[in-house]
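The residues making up each chain are set out below.
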Amino acid sequence: MKSLSEFSILGGPPTFSTNLVVGMPSMPNREALHRRMDEMLDSRQLTNGGQFVHAFESELQRRIGCRHVVCVCNGTMALQILAKACDVSGEVIVPAMTFVATPHALQWIGLTPVFADIEAETQTLNPVSVEKCISNHTSAIMGVHLWGNPCQVADLQELADRHRLKLLFDASHAYGCSHQGIPIGRFGDAEAISFHATKVMHSIEGGAILTDDDTIAERCRLMRNFGISGFTSISSAGINAKMSELAAAVGLTSLENVDEVIRGNRDRLEEYRAVIDSVPGLHLAIHRSDKQQNAQYVVVKVNEELLGLNRDSLMQVLRAEGVFVRSYFSPGCHNAEPYRNNSTSLRTPLPVTDQLLQEVMQLPTGPGVTGTDVTKIGLLLQSIYQHRSSLRDLISKINHSKANPNNAAEISSAA
Ligand code: T4K
């Protein structure tokens, strides 16, 4: 346990000399990747539908069990092509507690994201709030399986059917997750996934549309390649969203060790659970059933009253110690441009979203974090709790002196 003066914000050495981060990429096996790169170079087929994209799509299809996987250059483009292929128009209901790519992808193609509130437990769309957002202009609901937590898919499907809306999912966080035994990727009309480097399984940059619908899949395939349907025929307004052979080679190689990465994440999650439960005011805020999760994000809810520090002050202390926690997705898409003053996007209150955006933070996990690291973070959290009132006063003085540099002397006297 640390004494107050040993905390790094008071000049002590940080607990970790190199930052532990959220989203450290897992590394694919180098020999396997080099073999694939040699094969790719030997074949001279570098992009435009080569063997590695086909193989990556087939392997994903086999693992997820959907009829079609259409790989594209990133998750944002997967969302856009998905919306276009499903003929979505006007308004789309989305959560505001998501990476800004979810609404931006829609906005960028002329759609209007409308923000509905989420449920406190799953942090995914609340069907009651979604229904309140439906207007004559609504054509789709886009749920986000945030942190790999499956949305309330049955309730959302019932709502979509009743109002004749498309049901789409942003499954960017959810490779390797399932809902009631069914892998994510098989719900709604179609789902979009990201294979960005920070994801549990990645192709450095990449994404895919997953669907059982033959027509949607065919339209996506055409759209990702300029709408070209033959050497001399163009059948729709497409774009260049192709995944390169190199990205697919990384993806295929990444798939070979993803189970091991997920096992590691789950081990870390259990270790975190033990330490977090021992600190008043901290609560692990995800994972209804760990077996169905990739455990890529360790999301913690901070109760200021019980902990004695608010989320942002806790983050300040932890970051100084080399624990580079994040506050995804604060301040929320509804508070970001171009949505924050848009009365169409903001037509219903978002109390649960607003509260969670102030309370949750994500702890480092993944390949760069060991069980020993988690034990150290646990001791650090206990020390923080023990010194909570002094730390709270200190942080308020530090923040005050940042705003008023002449008062810096107050901080050293606080120790
Ligand atoms: N929908 C949702 C719900 C999403 O979360 C995302 C992406 C999308 C859609 C869109 O998918 P893409 O179009 O991106 O495929 C990251 C990612 O850039 C983004 O892909 C991801 N979500 C989002 C949640 O996180 P940042 O800005 O938070 O990442 P960054 O650069 O801070 O990296 C995190 C940590 O990982 C850093 O501390 C350093 C480490 N890192 C990162 C990279 C990229 C490395 O060590 N090496 C690396 O190459 O956005």
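Residues numbered from 1 in each chain as written. Predicted model: local features only at pLDDT ≥ 70, side-chain atom pairs only at ≥ 80, totals over all residues. Heavy atoms only, no water.

Chemist: Even after reading the chapter, I still don't get the packing of helix α8 (residues 245-277) against helix α12 (residues 371-386), so can you show me in this structure?
Modeler: At their nearest, the axes of α8 and α12 sit 9 Å apart, and the two run at 20° to each other. Judged by the angle between their axes, α8 and α12 are roughly parallel. For the element pair α8 and α12, the recorded crossing hand is right-handed. Residues Arg268, Glu271, Tyr272 and Val275 of α8 touch α12, and the partners they reach there are Gly371, Val374, Ile377 and Gly378. (Axes fitted to C-alpha atoms, helices over the stretch in contact; angles between N-to-C directions. Helix = DSSP H or I, 4+ residues; strand = E, 2+ residues; numbered from the N terminus. Parallel < 35°, antiparallel > 145°, perpendicular 65-115°, else oblique. Left-handed = near helix turned anticlockwise from the far one by under 90°. Contact = heavy atoms within 4.5 Å.)

Chemist: Would you explain the nonpolar core in this entry?
Modeler: The tendency in soluble globular proteins is for nonpolar side chains to be buried side by side. Residues Tyr272, Leu282, Leu314, Leu318, Met361, Leu363 and Ile384 are the most contacted members of the largest nonpolar core, which totals 36 residues. Elements supplying a minimum of two residues to this core: α8, β13 (282-284), β14 (298-302), α10 (311-320), β16 (360-363), α12 and α13 (388-403). Filtering out sequence-adjacent residues up to four positions away, Met361 remains in contact with Val298, Val299, Val300, Val302, Arg311, Leu314, Met315, Leu318, Val325, Arg326 and Ser327. In this structure, Met77, Val88, Ala96 and Cys333 belong to the second largest nonpolar core, which totals 32 residues. (Core = buried A, V, L, I, M, F, W, Y, C linked by side-chain atoms within 4.5 Å. Buried < 20%, exposed > 50% of the residue type's maximum accessible area, 1.4 Å probe, protein only.)

Chemist: What am I meant to see in the environment of Ser345 here?
Modeler: Relative to the elements of secondary structure, Ser345 occurs in the loop between β15 (323-324) and α11 (351-359). Since its relative accessible area comes to 0%, Ser345 is described here as buried. Along the primary structure Ser345 and Ser401 are separated by 56 residues, whereas in three dimensions their C-alpha atoms are 38 Å apart. Every residue in contact with Ser345, bar those within four places of it in the chain, is listed here: Thr112, Pro113, Val114, Phe115 and Tyr339. A distance of 2.6 Å separates the side chain of Ser345 from the backbone oxygen of Pro113, its partner in a polar contact. (Polar contact = N/O pair within 3.5 Å; in protein donor to acceptor, adjacent residues only side chain to side chain.)

Chemist: Sorry, what's going on with the sheet that holds strand β2 (residues 68-72) here?
Modeler: Each strand in a sheet pairs with its neighbour through backbone hydrogen bonds, running either in the same direction (parallel) or in the opposite one (antiparallel). Strand order in the open sheet made by the seven strands is β2-β10-β9-β6-β5-β3-β4, with mixed pairing throughout. Both edges of this open sheet fall to β2 and β4 (112-116), since each of them pairs with a single strand only. Neighbour-to-neighbour, the strand axes of the sheet open up by a mean angle of 25°, direction not taken into account. Across three bridges, the pairing between strand β3 (residues 91-95) and strand β5 (residues 138-144) is parallel. When the bridges of β5 are listed, Glu91 appears paired with Thr138. Seen against the sheet, helix α3 (residues 75-85) touches β2, β5, β6 (166-170), β9 (190-194) and β10 (207-211) and runs at an angle of roughly 165° to β9. (Pairing = 2+ DSSP bridges.)

Chemist: When you look at the pattern of salt bridges in this model, what are you seeing that I'm missing?
Modeler: Here the idea is simple: oppositely charged side chains can pair when their charged atoms come close. Overall, the coordinates contain 14 salt bridges when judged by the stated rule. Between Arg62 and Glu59 there is a salt bridge whose closest N-O contact spans 2.7 Å. Residue Arg62 and its partner Glu59 are located together in helix α2 (residues 51-64), separated by three residues, close to a single helical turn. Assessed through its relative accessible area of 58%, Arg62 is described here as exposed. A salt bridge links Asp87 to Arg219; its shortest N-O distance comes to 3.1 Å. Placement of the pair is Asp87 in the loop between α3 and β3 and Arg219 in helix α7 (residues 214-223), with a sequence separation of 132 residues. For Asp87, a relative accessible area of 53% corresponds to the exposed category. With a relative accessible area of 29%, Arg219 lands in the partly exposed category. (Salt bridge = Lys/Arg side-chain N within 4 Å of Asp/Glu carboxyl O.)

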